[in-house]
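Here is what each chain is made of, one letter per residue.
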Amino acid sequence: MTPQLSTAPARKMALPGMSRRRSCRYNGTMTISFPVLTLHRGREKSALGHHPWIFSGAIEAAHGDPAPGGIVRVVDWRGDFLAWGYWNPRSQIAARLLSWREDEPPDDAFWAGRIRRAAAARVEETLLYNGGMPAAFRLINAENDYLPGLVVDRSGDWLVLQALTLGIDVRKDLLTAILMETLRPGGIYERSDVDVREKEGLPPATGLLAGQEPPDLIEIDEHGRRFLVDVRAGHKTGFYLDQRANRLRLGNLLRFDPGAPEREVLNTFGYTGGFSVYALDGLARRAITVDSSAEAIALARRNVALNGFPAREEDFVVADVFQYLRACRDAARQFDIIILDPPKFAHSARQAESAARGYKDINLLAFKLIRPGGLLMTFSCSGGVDADLFRKIVFGALVDAGREAQVLETLGPPPDHPVALTFPEGAYLKGLLLRVW
Ligand code: SAH
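It should be emphasised that the depicted structure is a prediction, and the values quoted were computed from it without experimental measurement.

## A few points about the overall build of the protein chain
On a plain count of helices and strands, the protein chain comes out with ten helices and 23 strands. Since a compact globule built from 437 residues should have a radius of gyration of about 22 Å, the 24 Å found for the protein chain is in line with a globular shape. Total accessible area computed for the protein chain in this model is approximately 19,100 Å², and 53% of it derives from carbon and sulfur atoms. For the protein chain, the centre of its 54 positive side-chain charges and the centre of its 53 negative side-chain charges are spaced 4 Å apart.

## Digging into the sheet that holds strand 13 (residues 187-192)
Strand order in this open sheet of five strands is 10-11-12-13-14, and the pairing throughout is mixed. Bordering the open sheet on either side are strand 10 (136-141) and strand 14 (205-211), each of which pairs with just one other strand. Looking at each pair of strands side by side, their axes are set apart by 20° on average, direction ignored. Across four bridges, strand 12 (residues 158-163) lies against strand 13 in parallel orientation. Paired with L161 across the two strands is E190, which belongs to strand 13. Each of strand 10, strand 11 (150-155), strand 12, strand 13 and strand 14 is contacted by helix 4 (residues 172-183), which is oriented at about 45° to strand 14, the strand it contacts most.

## Digging into the site of the ligand
The immediate surroundings of the ligand are formed by 14 residues, with R247, D291, D320, V321 and D341 found nearest. Take S292: an N or O atom from its main chain is 3.0 Å from a nitrogen atom of the ligand. Note that a nitrogen atom of the ligand is positioned 2.9 Å from one of the backbone N or O atoms of V321. Taken by itself the ligand offers 580 Å² of open surface, and the protein chains cover 90% of this.

## Brief notes about the environment of E295
Residue placement: E295 occurs in helix 7 (residues 294-306). Overall, E295 belongs to the exposed group, its relative accessible area being 63%. Remark: the alpha-carbon pair of E295 and T176, spanning 119 residues in sequence, is separated by 30 Å. Only 3.4 Å separates the side chain of E295 from the side chain of S293, close enough to count as a polar contact.

## Some words on the domain arrangement of the protein chain
Here the domain parsing of the protein chain yields domain 1 (22-103), domain 2 (109-215) and domain 3 (240-436). Computed over C-alpha atoms only, the centres of domain 1 and domain 3 are separated by 42 Å. Of the residues lining the interface, five residues belong to domain 1; the matching set on domain 3 comes to four residues. Roughly 340 Å² of surface becomes buried between domain 1 and domain 3 when both sides are summed, with 64% attributable to carbon and sulfur atoms.

## Quick word on the sheet that holds strand 19 (residues 316-318)
A sheet is described by the order of its strands in space; here seven strands give the open sequence 19-18-17-20-21-23-22, paired in mixed fashion. The open sheet terminates on both sides in strands that have one partner only, identified here as strand 19 and strand 22 (405-411). Across the sheet, the mean angle separating the axes of adjacent strands is 15° when strand polarity is ignored. Strands strand 20 (335-340), strand 21 (370-380), strand 22 and strand 23 (430-436) of the sheet are contacted by helix 9 (residues 352-369), whose axis makes an angle of about 160° with strand 21.

## Looking at the packing of helix 5 (residues 244-255) against helix 6 (residues 274-281)
Between helix 5 and helix 6, the least distance of the axes is 8 Å, while the angle of their chain directions is 20°. Taken together, the axis directions place helix 5 and helix 6 in an arrangement best described as roughly parallel. Considering only the axes of helix 5 and helix 6, their crossing is right-handed. Seen from helix 5, the contacting residues are N246, R247, L248, L250, G251, L254 and R255; seen from helix 6, they are G274, F275, Y278, A279 and D281.

## A look at the pattern of salt bridges
Applying the stated rule across the entire model yields 36 salt bridges. A salt bridge links R249 to E409, with the nearest nitrogen and oxygen atoms 2.5 Å apart. Remark: E409 occurs in strand 22 and R249 occurs in helix 5; sequence separation between them is 160 residues. Judged by relative accessible area, which is 29%, R249 ranks as partly exposed. By relative accessible area, E409 is classed as partly exposed at 26%. Among the salt bridges present, the one from E264 reaches R286, with a minimum N-O distance of 3.8 Å. Residue E264 is found in strand 17 (residues 264-268), and its partner R286 is found in strand 18 (residues 286-291); the two are separated by 22 residues along the sequence. The class for E264 is buried, based on a relative accessible area of 6%.

## Considerations on helix 5
Counted at 1.5 Å a residue, the expected span for helix 5 with its twelve residues is 16 Å, and the 17 Å between its end C-alpha atoms agrees. Considered for burial, the residues of helix 5 that qualify are R244, N246, R247, L250, G251 and L254.

Criteria and cut-off values
- Residues numbered from 1 in each chain as written.
- Predicted model: local features only at pLDDT ≥ 70, side-chain atom pairs only at ≥ 80, totals over all residues.
- Heavy atoms only, no water.
- Helix = DSSP H or I, 4+ residues; strand = E, 2+ residues; numbered from the N terminus.
- Rg over C-alpha atoms; globule rule 2.2 N^0.38 Å.
- Areas by Shrake-Rupley, 256 points an atom, 1.4 Å probe, with all protein chains shown as cover.
- Lys, Arg positive; Asp, Glu negative; His and termini not counted.
- Charge placed at Lys NZ, Arg CZ, Asp CG, Glu CD.
- Pairing = 2+ DSSP bridges.
- Axes fitted to C-alpha atoms, helices over the stretch in contact; angles between N-to-C directions.
- Contact = heavy atoms within 4.5 Å.
- Near = heavy atom within 4 Å.
- Polar contact = N/O pair within 3.5 Å; in protein donor to acceptor, adjacent residues only side chain to side chain.
- Buried < 20%, exposed > 50% of the residue type's maximum accessible area, 1.4 Å probe, protein only.
- Domains from an automatic or database assignment.
- Buried area = accessible area lost by both parts, 1.4 Å probe.
- Parallel < 35°, antiparallel > 145°, perpendicular 65-115°, else oblique.
- Left-handed = near helix turned anticlockwise from the far one by under 90°.
- Salt bridge = Lys/Arg side-chain N within 4 Å of Asp/Glu carboxyl O.
- Expected span 1.5 Å × (residues − 1).

Given below as C-alpha coordinates:
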(Lines give C-alpha, C1' and ligand atoms only; values in the text may rest on other atoms or scores of the structure.)
Protein backbone atom coordinates (compact mmCIF):
# COMPACT_ATOMS: atom_id res chain seq x y z
CA MET A 1 0.00 0.00 0.00
CA THR A 2 1.39 3.36 -0.94
CA PRO A 3 0.30 5.94 1.58
CA GLN A 4 -0.95 9.14 0.01
CA LEU A 5 -0.27 12.37 1.70
CA SER A 6 -2.77 15.07 2.32
CA THR A 7 -1.98 18.19 0.39
CA ALA A 8 -2.64 20.64 3.22
CA PRO A 9 -0.06 23.44 2.93
CA ALA A 10 2.60 23.62 5.61
CA ARG A 11 2.32 26.50 8.03
CA LYS A 12 5.08 28.98 7.61
CA MET A 13 5.61 29.92 11.22
CA ALA A 14 5.73 28.06 14.49
CA LEU A 15 3.57 29.82 17.03
CA PRO A 16 3.92 28.80 20.67
CA GLY A 17 1.26 26.32 21.73
CA MET A 18 -0.09 25.99 18.23
CA SER A 19 -0.60 22.42 17.12
CA ARG A 20 1.47 21.61 14.07
CA ARG A 21 0.41 18.03 13.61
CA ARG A 22 0.37 17.19 9.95
CA SER A 23 -2.04 14.61 8.64
CA CYS A 24 -1.18 11.73 6.38
CA ARG A 25 -3.95 10.03 4.52
CA TYR A 26 -3.50 6.32 3.87
CA ASN A 27 -5.39 5.49 0.65
CA GLY A 28 -7.91 8.10 1.55
CA THR A 29 -9.46 5.90 4.24
CA MET A 30 -7.54 6.55 7.42
CA THR A 31 -5.93 9.73 8.61
CA ILE A 32 -2.93 9.60 10.90
CA SER A 33 -1.34 12.78 12.10
CA PHE A 34 2.24 13.02 13.17
CA PRO A 35 3.89 15.41 15.61
CA VAL A 36 6.24 17.87 13.94
CA LEU A 37 9.82 18.77 14.81
CA THR A 38 10.87 22.14 13.40
CA LEU A 39 14.58 22.82 12.98
CA HIS A 40 16.24 26.20 13.46
CA ARG A 41 16.94 28.14 10.33
CA GLY A 42 20.25 26.92 8.86
CA ARG A 43 20.26 23.68 10.87
CA GLU A 44 18.67 21.60 8.12
CA LYS A 45 21.96 20.90 6.37
CA SER A 46 22.80 17.56 7.93
CA ALA A 47 19.26 16.24 7.41
CA LEU A 48 19.43 17.37 3.77
CA GLY A 49 22.69 15.41 3.51
CA HIS A 50 20.85 12.33 4.83
CA HIS A 51 22.83 12.19 8.07
CA PRO A 52 20.61 10.28 10.51
CA TRP A 53 21.16 12.38 13.67
CA ILE A 54 19.35 15.53 14.76
CA PHE A 55 20.97 17.10 17.81
CA SER A 56 18.74 18.76 20.41
CA GLY A 57 20.39 22.13 19.75
CA ALA A 58 19.13 22.09 16.16
CA ILE A 59 15.50 21.92 17.22
CA GLU A 60 13.42 25.07 17.35
CA ALA A 61 10.18 23.50 18.47
CA ALA A 62 8.35 20.21 18.90
CA HIS A 63 4.64 20.39 18.19
CA GLY A 64 1.84 17.90 18.49
CA ASP A 65 3.13 16.38 21.73
CA PRO A 66 5.49 13.73 20.36
CA ALA A 67 5.73 10.60 22.51
CA PRO A 68 9.23 9.55 23.62
CA GLY A 69 10.31 7.06 20.97
CA GLY A 70 7.42 8.08 18.72
CA ILE A 71 7.53 9.01 15.05
CA VAL A 72 8.01 12.66 14.16
CA ARG A 73 7.86 14.58 10.94
CA VAL A 74 10.99 16.72 10.72
CA VAL A 75 10.64 20.03 8.87
CA ASP A 76 12.89 23.00 8.20
CA TRP A 77 12.23 26.53 9.48
CA ARG A 78 9.84 27.16 6.61
CA GLY A 79 7.85 24.01 7.41
CA ASP A 80 9.15 22.10 4.41
CA PHE A 81 9.46 18.34 4.86
CA LEU A 82 12.96 17.00 5.56
CA ALA A 83 12.57 13.48 6.93
CA TRP A 84 10.75 11.05 9.20
CA GLY A 85 12.42 10.07 12.44
CA TYR A 86 11.87 8.94 15.97
CA TRP A 87 12.14 11.21 18.97
CA ASN A 88 13.87 11.07 22.35
CA PRO A 89 13.70 14.28 24.39
CA ARG A 90 16.17 12.81 26.94
CA SER A 91 18.98 12.26 24.47
CA GLN A 92 21.37 14.80 22.97
CA ILE A 93 20.54 13.09 19.71
CA ALA A 94 16.92 14.14 19.99
CA ALA A 95 15.80 12.52 16.75
CA ARG A 96 17.18 9.76 14.54
CA LEU A 97 16.05 9.83 10.97
CA LEU A 98 14.49 6.83 9.29
CA SER A 99 13.36 7.99 5.87
CA TRP A 100 13.76 11.01 3.64
CA ARG A 101 10.73 10.11 1.52
CA GLU A 102 7.63 12.04 2.40
CA ASP A 103 5.39 9.21 1.20
CA GLU A 104 7.06 6.77 3.58
CA PRO A 105 5.90 7.58 7.13
CA PRO A 106 7.34 4.71 9.18
CA ASP A 107 4.58 2.24 10.08
CA ASP A 108 4.88 -1.47 10.95
CA ALA A 109 5.29 -2.40 7.28
CA PHE A 110 8.16 0.09 7.00
CA TRP A 111 10.12 -1.66 9.79
CA ALA A 112 9.44 -5.07 8.28
CA GLY A 113 10.59 -3.84 4.87
CA ARG A 114 13.84 -2.42 6.20
CA ILE A 115 14.64 -5.60 8.13
CA ARG A 116 13.91 -7.80 5.12
CA ARG A 117 16.05 -5.56 2.93
CA ALA A 118 19.04 -5.80 5.29
CA ALA A 119 18.68 -9.57 5.69
CA ALA A 120 18.44 -10.18 1.93
CA ALA A 121 21.49 -8.00 1.24
CA ARG A 122 23.50 -9.93 3.83
CA VAL A 123 22.85 -13.21 2.10
CA GLU A 124 24.10 -11.78 -1.18
CA GLU A 125 27.10 -9.98 0.29
CA THR A 126 28.27 -12.76 2.53
CA LEU A 127 27.93 -15.30 -0.27
CA LEU A 128 29.84 -13.04 -2.62
CA TYR A 129 32.69 -12.44 -0.22
CA ASN A 130 32.86 -15.73 1.61
CA GLY A 131 31.71 -18.26 -0.94
CA GLY A 132 29.32 -19.57 1.70
CA MET A 133 27.26 -18.30 4.58
CA PRO A 134 29.28 -17.94 7.75
CA ALA A 135 27.49 -19.20 10.84
CA ALA A 136 27.92 -15.87 12.57
CA PHE A 137 27.57 -12.47 10.99
CA ARG A 138 25.92 -9.09 11.45
CA LEU A 139 22.41 -8.94 10.07
CA ILE A 140 21.56 -5.36 10.95
CA ASN A 141 24.16 -2.66 11.48
CA ALA A 142 22.06 0.13 12.97
CA GLU A 143 22.38 3.56 11.27
CA ASN A 144 24.36 1.91 8.47
CA ASP A 145 21.32 -0.17 7.53
CA TYR A 146 19.06 2.86 7.90
CA LEU A 147 17.72 1.31 11.10
CA PRO A 148 19.26 3.64 13.70
CA GLY A 149 19.89 2.09 17.10
CA LEU A 150 19.22 -1.52 16.06
CA VAL A 151 21.98 -4.12 15.97
CA VAL A 152 21.18 -7.75 15.22
CA ASP A 153 23.86 -10.42 14.96
CA ARG A 154 23.39 -14.05 14.04
CA SER A 155 25.29 -16.74 15.93
CA GLY A 156 24.40 -20.18 14.63
CA ASP A 157 20.68 -20.62 15.08
CA TRP A 158 20.27 -17.61 17.38
CA LEU A 159 19.84 -13.91 16.85
CA VAL A 160 21.32 -11.50 19.36
CA LEU A 161 19.68 -8.09 19.48
CA GLN A 162 20.94 -4.79 20.85
CA ALA A 163 18.47 -1.93 21.29
CA LEU A 164 20.79 1.07 21.56
CA THR A 165 18.13 3.79 21.57
CA LEU A 166 14.72 4.54 23.02
CA GLY A 167 13.13 4.50 19.56
CA ILE A 168 14.21 0.88 19.18
CA ASP A 169 13.51 -0.04 22.79
CA VAL A 170 9.83 0.94 22.57
CA ARG A 171 9.46 -1.18 19.40
CA LYS A 172 11.22 -4.28 20.67
CA ASP A 173 8.08 -6.44 20.51
CA LEU A 174 7.32 -5.42 16.95
CA LEU A 175 10.94 -5.89 15.81
CA THR A 176 11.21 -9.26 17.57
CA ALA A 177 8.02 -10.46 15.85
CA ILE A 178 9.32 -9.32 12.44
CA LEU A 179 12.70 -10.99 13.00
CA MET A 180 11.10 -14.26 14.13
CA GLU A 181 8.84 -14.31 11.11
CA THR A 182 11.45 -13.23 8.55
CA LEU A 183 14.43 -15.26 9.72
CA ARG A 184 12.90 -18.08 11.77
CA PRO A 185 15.79 -18.39 14.23
CA GLY A 186 15.81 -20.79 17.18
CA GLY A 187 15.47 -17.78 19.42
CA ILE A 188 16.28 -14.11 19.93
CA TYR A 189 18.41 -13.09 22.88
CA GLU A 190 18.79 -9.48 23.98
CA ARG A 191 22.18 -7.99 24.89
CA SER A 192 21.29 -4.36 25.46
CA ASP A 193 23.85 -4.08 28.27
CA VAL A 194 25.76 -1.23 26.66
CA ASP A 195 26.83 2.13 28.09
CA VAL A 196 25.29 4.18 25.27
CA ARG A 197 21.80 3.35 26.56
CA GLU A 198 22.47 5.60 29.55
CA LYS A 199 22.61 8.57 27.16
CA GLU A 200 19.14 7.57 25.99
CA GLY A 201 17.80 7.39 29.56
CA LEU A 202 17.59 3.60 29.40
CA PRO A 203 18.79 0.93 31.87
CA PRO A 204 20.66 -2.14 30.61
CA ALA A 205 18.45 -5.03 29.47
CA THR A 206 19.33 -8.65 28.74
CA GLY A 207 17.40 -11.89 28.34
CA LEU A 208 15.36 -14.02 26.02
CA LEU A 209 13.00 -12.07 23.73
CA ALA A 210 11.48 -14.97 21.78
CA GLY A 211 11.92 -18.66 20.99
CA GLN A 212 14.30 -20.98 22.79
CA GLU A 213 16.99 -20.08 25.31
CA PRO A 214 20.43 -20.28 23.64
CA PRO A 215 22.83 -22.91 24.99
CA ASP A 216 25.62 -21.74 27.33
CA LEU A 217 28.03 -21.81 24.41
CA ILE A 218 27.08 -21.79 20.74
CA GLU A 219 29.57 -23.47 18.42
CA ILE A 220 29.98 -21.57 15.18
CA ASP A 221 31.93 -22.21 12.00
CA GLU A 222 33.89 -19.25 10.65
CA HIS A 223 35.68 -19.96 7.37
CA GLY A 224 36.11 -23.57 8.46
CA ARG A 225 37.46 -22.64 11.89
CA ARG A 226 35.30 -23.39 14.92
CA PHE A 227 34.58 -21.14 17.85
CA LEU A 228 32.57 -21.30 21.04
CA VAL A 229 30.51 -18.16 21.50
CA ASP A 230 28.95 -17.06 24.77
CA VAL A 231 26.05 -14.89 23.64
CA ARG A 232 24.83 -14.35 27.23
CA ALA A 233 27.99 -13.11 28.92
CA GLY A 234 30.59 -12.64 26.18
CA HIS A 235 31.64 -9.18 24.99
CA LYS A 236 29.22 -7.29 22.73
CA THR A 237 26.93 -9.96 21.26
CA GLY A 238 29.45 -12.72 22.06
CA PHE A 239 32.02 -12.53 19.27
CA TYR A 240 33.90 -9.75 17.44
CA LEU A 241 32.27 -10.38 14.08
CA ASP A 242 33.73 -7.15 12.68
CA GLN A 243 37.22 -8.73 12.64
CA ARG A 244 36.24 -11.83 10.66
CA ALA A 245 37.84 -10.73 7.37
CA ASN A 246 41.04 -9.66 9.10
CA ARG A 247 41.33 -12.96 10.95
CA LEU A 248 41.00 -14.71 7.58
CA ARG A 249 43.61 -12.35 6.10
CA LEU A 250 46.09 -13.40 8.77
CA GLY A 251 45.31 -17.07 8.17
CA ASN A 252 45.87 -16.70 4.42
CA LEU A 253 49.08 -14.72 4.88
CA LEU A 254 50.51 -17.61 6.85
CA ARG A 255 49.09 -20.32 4.62
CA PHE A 256 51.02 -19.02 1.64
CA ASP A 257 54.17 -18.26 3.65
CA PRO A 258 56.71 -21.07 3.28
CA GLY A 259 58.33 -19.87 6.51
CA ALA A 260 55.07 -20.24 8.49
CA PRO A 261 56.25 -23.20 10.61
CA GLU A 262 58.92 -20.89 12.05
CA ARG A 263 56.60 -18.00 12.83
CA GLU A 264 55.75 -16.83 16.30
CA VAL A 265 52.56 -14.79 16.55
CA LEU A 266 51.65 -12.51 19.43
CA ASN A 267 47.89 -11.92 19.56
CA THR A 268 47.30 -9.06 21.98
CA PHE A 269 43.82 -8.07 23.17
CA GLY A 270 43.11 -11.55 21.89
CA TYR A 271 39.67 -12.11 23.50
CA THR A 272 38.62 -15.74 22.82
CA GLY A 273 41.58 -16.48 20.54
CA GLY A 274 40.12 -15.61 17.12
CA PHE A 275 43.36 -14.48 15.47
CA SER A 276 45.32 -17.22 17.28
CA VAL A 277 43.19 -20.04 15.82
CA TYR A 278 43.71 -18.66 12.29
CA ALA A 279 47.47 -18.29 12.93
CA LEU A 280 47.79 -21.90 14.08
CA ASP A 281 45.59 -23.07 11.23
CA GLY A 282 48.05 -21.25 8.93
CA LEU A 283 50.77 -23.47 10.46
CA ALA A 284 52.41 -20.83 12.64
CA ARG A 285 54.75 -22.45 15.15
CA ARG A 286 53.20 -20.65 18.06
CA ALA A 287 50.43 -18.15 18.84
CA ILE A 288 50.39 -16.43 22.21
CA THR A 289 47.04 -14.94 23.24
CA VAL A 290 47.06 -12.10 25.76
CA ASP A 291 43.93 -10.57 27.29
CA SER A 292 43.03 -9.01 30.63
CA SER A 293 39.86 -11.12 30.87
CA ALA A 294 40.40 -14.52 32.49
CA GLU A 295 37.06 -15.77 31.07
CA ALA A 296 38.09 -14.77 27.55
CA ILE A 297 41.47 -16.50 27.91
CA ALA A 298 39.82 -19.67 29.23
CA LEU A 299 37.59 -19.74 26.15
CA ALA A 300 40.58 -18.94 23.89
CA ARG A 301 42.28 -22.08 25.19
CA ARG A 302 39.15 -24.13 24.47
CA ASN A 303 38.85 -22.65 20.98
CA VAL A 304 42.44 -23.54 20.12
CA ALA A 305 41.89 -27.11 21.35
CA LEU A 306 38.54 -27.33 19.53
CA ASN A 307 40.40 -26.73 16.25
CA GLY A 308 42.81 -29.57 16.99
CA PHE A 309 45.86 -27.58 18.07
CA PRO A 310 47.81 -28.10 21.28
CA ALA A 311 46.71 -25.57 23.90
CA ARG A 312 49.88 -25.03 25.91
CA GLU A 313 49.45 -23.25 29.22
CA GLU A 314 52.20 -20.71 28.50
CA ASP A 315 50.48 -19.55 25.29
CA PHE A 316 47.44 -18.15 27.12
CA VAL A 317 48.21 -15.13 29.23
CA VAL A 318 45.89 -13.13 31.47
CA ALA A 319 47.64 -9.77 31.60
CA ASP A 320 47.44 -6.08 30.89
CA VAL A 321 48.80 -5.69 27.37
CA PHE A 322 50.64 -2.44 28.16
CA GLN A 323 52.56 -4.20 30.93
CA TYR A 324 53.03 -7.39 28.93
CA LEU A 325 54.57 -5.56 25.97
CA ARG A 326 56.93 -3.68 28.30
CA ALA A 327 58.00 -6.92 29.94
CA CYS A 328 58.67 -8.41 26.48
CA ARG A 329 60.72 -5.36 25.55
CA ASP A 330 62.75 -5.58 28.76
CA ALA A 331 63.36 -9.28 28.14
CA ALA A 332 64.32 -8.56 24.48
CA ARG A 333 61.56 -10.95 23.22
CA GLN A 334 60.95 -10.95 19.47
CA PHE A 335 57.96 -12.01 17.37
CA ASP A 336 57.32 -12.46 13.66
CA ILE A 337 53.74 -11.20 13.67
CA ILE A 338 51.97 -9.02 16.23
CA ILE A 339 48.25 -8.29 16.31
CA LEU A 340 47.16 -5.18 18.22
CA ASP A 341 43.38 -5.09 18.53
CA PRO A 342 42.68 -2.93 21.58
CA PRO A 343 39.23 -1.95 22.85
CA LYS A 344 37.83 1.49 22.12
CA PHE A 345 40.23 4.02 23.74
CA ALA A 346 38.18 7.08 22.66
CA HIS A 347 34.43 7.14 23.16
CA SER A 348 34.17 10.52 21.43
CA ALA A 349 36.31 12.94 19.44
CA ARG A 350 36.98 14.81 22.70
CA GLN A 351 38.89 11.83 24.05
CA ALA A 352 40.96 11.50 20.88
CA GLU A 353 44.07 13.00 22.47
CA SER A 354 44.32 10.61 25.41
CA ALA A 355 43.37 7.74 23.09
CA ALA A 356 46.21 8.77 20.77
CA ARG A 357 48.69 8.37 23.61
CA GLY A 358 47.42 4.84 24.28
CA TYR A 359 47.62 3.84 20.61
CA LYS A 360 51.07 5.33 20.24
CA ASP A 361 52.33 3.53 23.33
CA ILE A 362 51.29 0.03 22.24
CA ASN A 363 52.32 0.55 18.62
CA LEU A 364 55.73 1.85 19.66
CA LEU A 365 56.28 -1.19 21.87
CA ALA A 366 55.05 -3.57 19.16
CA PHE A 367 57.42 -2.06 16.55
CA LYS A 368 60.32 -2.75 18.91
CA LEU A 369 59.32 -6.40 19.30
CA ILE A 370 58.99 -7.35 15.64
CA ARG A 371 61.78 -9.22 13.87
CA PRO A 372 62.98 -7.46 10.68
CA GLY A 373 60.65 -8.42 7.83
CA GLY A 374 57.87 -9.29 10.27
CA LEU A 375 54.27 -8.06 10.20
CA LEU A 376 52.16 -5.82 12.37
CA MET A 377 48.37 -5.86 12.16
CA THR A 378 47.26 -2.85 14.12
CA PHE A 379 43.70 -1.64 14.72
CA SER A 380 41.60 1.08 16.26
CA CYS A 381 37.86 0.74 16.85
CA SER A 382 37.49 4.27 18.28
CA GLY A 383 34.92 6.31 16.39
CA GLY A 384 36.64 9.46 17.67
CA VAL A 385 39.93 8.53 15.94
CA ASP A 386 39.51 8.54 12.18
CA ALA A 387 41.64 6.58 9.71
CA ASP A 388 43.83 9.59 8.99
CA LEU A 389 44.61 10.31 12.62
CA PHE A 390 45.20 6.63 13.30
CA ARG A 391 47.74 6.45 10.49
CA LYS A 392 49.53 9.51 11.87
CA ILE A 393 49.70 7.99 15.34
CA VAL A 394 51.18 4.74 14.02
CA PHE A 395 53.61 6.74 11.87
CA GLY A 396 54.76 8.67 14.98
CA ALA A 397 55.25 5.43 16.88
CA LEU A 398 57.30 3.97 14.02
CA VAL A 399 59.67 6.94 13.87
CA ASP A 400 60.12 6.91 17.63
CA ALA A 401 60.84 3.19 17.54
CA GLY A 402 63.56 3.84 14.94
CA ARG A 403 62.12 1.24 12.53
CA GLU A 404 60.91 1.27 8.94
CA ALA A 405 57.55 0.00 7.78
CA GLN A 406 55.45 -0.33 4.64
CA VAL A 407 51.68 -0.34 4.41
CA LEU A 408 50.71 -3.58 2.70
CA GLU A 409 46.99 -3.04 3.18
CA THR A 410 44.49 -0.85 4.92
CA LEU A 411 42.01 -2.93 6.85
CA GLY A 412 38.39 -2.54 7.83
CA PRO A 413 35.26 -4.52 8.64
CA PRO A 414 33.72 -7.17 6.36
CA PRO A 415 30.72 -6.35 4.13
CA ASP A 416 28.17 -7.55 6.68
CA HIS A 417 29.24 -4.40 8.59
CA PRO A 418 28.48 -1.89 5.84
CA VAL A 419 29.02 1.83 6.43
CA ALA A 420 26.31 4.19 5.17
CA LEU A 421 27.99 6.71 2.88
CA THR A 422 26.16 9.56 4.60
CA PHE A 423 27.21 8.38 8.10
CA PRO A 424 30.98 8.74 8.58
CA GLU A 425 30.59 7.77 12.26
CA GLY A 426 29.83 4.25 11.01
CA ALA A 427 33.46 3.72 9.96
CA TYR A 428 34.75 2.99 13.46
CA LEU A 429 37.04 0.05 12.69
CA LYS A 430 40.24 0.84 10.86
CA GLY A 431 43.50 -1.03 10.64
CA LEU A 432 46.86 -1.30 8.92
CA LEU A 433 48.84 -4.31 7.81
CA LEU A 434 52.49 -3.31 7.94
CA ARG A 435 55.73 -4.97 6.95
CA VAL A 436 58.30 -3.88 9.51
CA TRP A 437 62.05 -3.60 8.88
N1 SAH B 1 40.82 -9.48 18.53
C2 SAH B 1 39.69 -10.00 19.25
C3 SAH B 1 38.80 -8.89 19.80
C4 SAH B 1 39.49 -7.96 20.76
S5 SAH B 1 38.42 -6.92 21.66
C6 SAH B 1 38.92 -10.96 18.36
O7 SAH B 1 39.21 -11.06 17.15
O8 SAH B 1 38.00 -11.62 18.86
C9 SAH B 1 39.46 -6.21 22.85
C10 SAH B 1 39.90 -7.14 23.98
O11 SAH B 1 40.83 -6.41 24.78
C12 SAH B 1 38.82 -7.60 24.93
O13 SAH B 1 38.80 -9.00 24.95
C14 SAH B 1 39.24 -7.06 26.32
O15 SAH B 1 39.02 -8.00 27.37
C16 SAH B 1 40.70 -6.84 26.14
N17 SAH B 1 41.35 -5.77 26.93
C18 SAH B 1 40.88 -4.54 27.21
N19 SAH B 1 41.82 -3.80 27.86
C20 SAH B 1 42.90 -4.62 28.00
C21 SAH B 1 44.19 -4.45 28.57
N22 SAH B 1 44.57 -3.28 29.09
N23 SAH B 1 45.04 -5.48 28.51
C24 SAH B 1 44.67 -6.67 27.98
N25 SAH B 1 43.48 -6.87 27.40
C26 SAH B 1 42.61 -5.87 27.42
